[in-house]
Amino acid sequence: RAKEAGRNGFQFFTQEMQSRLDARVTLERGLLRALERDEFVLHYQPQVDLASGRIVGLEALLRWQSPELGLVPPMQFIPVAEESNLITAIGTWVLDKACATLRAWRDAGLPVVPVAVNVAASQFAHQDLEATLRGVLEKHGVDPALIEFELTESLSMEDPEASIAMMHRLKAIGIAMAIDDFGTGYSNLSYLKRFPVDKLKIDQSFTRGLVNDAEDRSIVTAVIRLAHSLGLRTIAEGVETEGQLRLLAAQGCDEIQGYYFSRPLPEAGIVAMLRDGVTMTLDVLR
Ligand code: C2E
Ligand code: MG
Ligand code: MG
Ligand code: MG
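Residues numbered from 1 in each chain as written. Chains lettered and ligands numbered in written order. Predicted model: local features only at pLDDT ≥ 70, side-chain atom pairs only at ≥ 80, totals over all residues. Heavy atoms only, no water.

Caption draft 1: Quick look at the overall build of the chain. Within the chain one finds 13 helices and 9 strands. Scaling as 2.2 N^0.38, a compact globule of 286 residues should have a C-alpha radius of gyration of about 19 Å, and the chain matches this with 21 Å. In the chain, buried positions account for 45% of the 286 residues. For the chain, the proportion of contacts with a sequence separation of at least 24, taken over those separated by at least 6, is 67%. Accessible surface, the chain as shown: approximately 14,300 Å² in total, 53% of it carbon and sulfur. Distance between charge centroids for the chain: 2 Å, based on 29 positive and 39 negative side chains. (Helix = DSSP H or I, 4+ residues; strand = E, 2+ residues; numbered from the N terminus. Rg over C-alpha atoms; globule rule 2.2 N^0.38 Å. Buried < 20%, exposed > 50% of the residue type's maximum accessible area, 1.4 Å probe, protein only. Contact = heavy atoms within 4.5 Å. Areas by Shrake-Rupley, 256 points an atom, 1.4 Å probe, with all protein chains shown as cover. Lys, Arg positive; Asp, Glu negative; His and termini not counted. Charge placed at Lys NZ, Arg CZ, Asp CG, Glu CD.)

Caption draft 2: Spotlight on helix H8 (residues 160–173). Across its 14 residues, H8 extends 20 Å between first and last C-alpha, which sits within 8% of the 20 Å expected from 1.5 Å per residue. Inspection of H8 places Pro 160, Ser 163, Ile 164, Met 166, Met 167, Leu 170 and Ile 173 among the buried residues, and these make up the whole buried set. Where H8 ends, the next residue or the one after it, Gly 174, has phi of about 115°, a positive value. (Expected span 1.5 Å × (residues − 1).)

Caption draft 3: View of the site of ligand 1. In the vicinity of ligand 1, 22 residues are found, and the nearest of them are Arg 63, Asp 180, Gln 204, Glu 240 and Tyr 259. A distance of 3.1 Å is found between an oxygen atom of ligand 1 and a side-chain nitrogen or oxygen belonging to Asp 181. The contact in question runs from a nitrogen atom of ligand 1 to an N or O atom on the side chain of Glu 240, over 2.5 Å. Here ligand 1 loses 84% of its free accessible area of 800 Å² to cover by the protein chains. Looking at the shell around ligand 1, the elements that each hand over two or more residues are strand S2 (55–66) and strand S6 (176–182). Counted by class, the shell around ligand 1 contains 10 nonpolar, 5 polar and 7 charged residues. (Near = heavy atom within 4 Å. Polar contact = N/O pair within 3.5 Å; in protein donor to acceptor, adjacent residues only side chain to side chain. Nonpolar A, V, L, I, M, F, W, Y, C, P; charged D, E, K, R; others polar.)

Caption draft 4: Here's a closer look at the packing of helix H6 (residues 128–140) against H8. It is at 10 Å that the axes of H6 and H8 come closest, and there the two elements cross at 10°. As judged from the angle between their axes, H6 and H8 are roughly parallel. Crossing angle aside, the handedness with which H6 passes H8 is right-handed. On the side of H6, the interface is formed by Leu 129, Glu 130, Leu 133, Arg 134 and Leu 137, while H8 contributes Met 166, Arg 169, Leu 170 and Ile 173. For the contact of H6 with H8, the per-class residue count stands at 6 nonpolar, no polar and 3 charged. (Axes fitted to C-alpha atoms, helices over the stretch in contact; angles between N-to-C directions. Parallel < 35°, antiparallel > 145°, perpendicular 65-115°, else oblique. Left-handed = near helix turned anticlockwise from the far one by under 90°.)

Caption draft 5: Examining the coordination of the magnesium ion (ligand 3) more closely. Distances from the magnesium ion (ligand 3) to its protein donors, namely Asp 180 (OD), Asp 181 (OD), Glu 237 (OE) and Glu 237 (OE), fall within the range 2.1 to 2.4 Å. Written as a sequence motif, the donor arrangement for the magnesium ion (ligand 3) is D-D-x55-E. Between the magnesium ion (ligand 3) and the magnesium ion (ligand 2) the interatomic distance amounts to 4.0 Å, and Asp 180 serves as a bridging ligand to the pair. (Donors = N, O, S within 2.8 Å, 3.2 Å for Na, K, Ca; no water.)

Laid out in structure tokens, this is it:
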């Protein structure tokens, strides 16, 4: 039987399919165990205001501290979590952890700043998101203004009318909202006008090309103008160099986030920065 199957290639095909499926099932099981054993951690990356040099926000970025695999970056497990139903539970964990941390910082007397949380498409489509958000904010006694949701363009375009309605319900709770990776999805500008968002995050692919690519520079300039004319703030992602910083400041970008100022850090590193009131020197802009 196997010999026959091997000859026509059918067996080989199913074996490859099977091993891919096995790998996925193993990862899914690993993620479920990670939730049970509390193996997820949040790192935080500062968002810096270009007018004052102050840290005005933090993006919460998920990592999986796996005993077997080490520190696993989100791109290696978020897609699988999205395909299975695990993203809802993981997303709730992230929101709960961010709020618990904000509360602990406030109780410790630290000067807290808003925390931005990434929200996956399937999580956003889930009607429970609104109730989950309310519940978590209440549980930890956190001011809704201290939470920002980062949504992607494609997420909001899947079912624009439903997305807009959900966004309004979330905004009514009092959180802030940003469009992540702006310019990489297919932007329908007539919808952008109707999204109750506060901020556009310029994708790091455009930031990367700022200094050497005139087209990327034009796109960044246009996005900043567009955002400001719609009354939105802008933040550039992936800022790594002084050259990028200078160009962004010259174009009137409001905030930056990137390795130039700080990599995403574990909680202790961020606590030290908030406690010490670390700011970014703006000397290079003068
Ligand atoms: P994102 O939301 O666009 O996050 C920015 C990514 O850029 C982060 O990667 C961050 O570490 C990285 N980054 C920041 N500054 C720089 C820089 O100067 N240079 C370069 N080269 N990279 C920089 P990370 O942490 O690996 O996260 C990747 C993506 O995973 C995120 O992209 C987001 O889409 C997703 N993600 C992360 N945490 C969560 C989460 O809690 N829930 C969901 N649904 N997605 C998440
Ligand atoms: Mg993000
Ligand atoms: Mg992004
Ligand atoms: Mg991204």
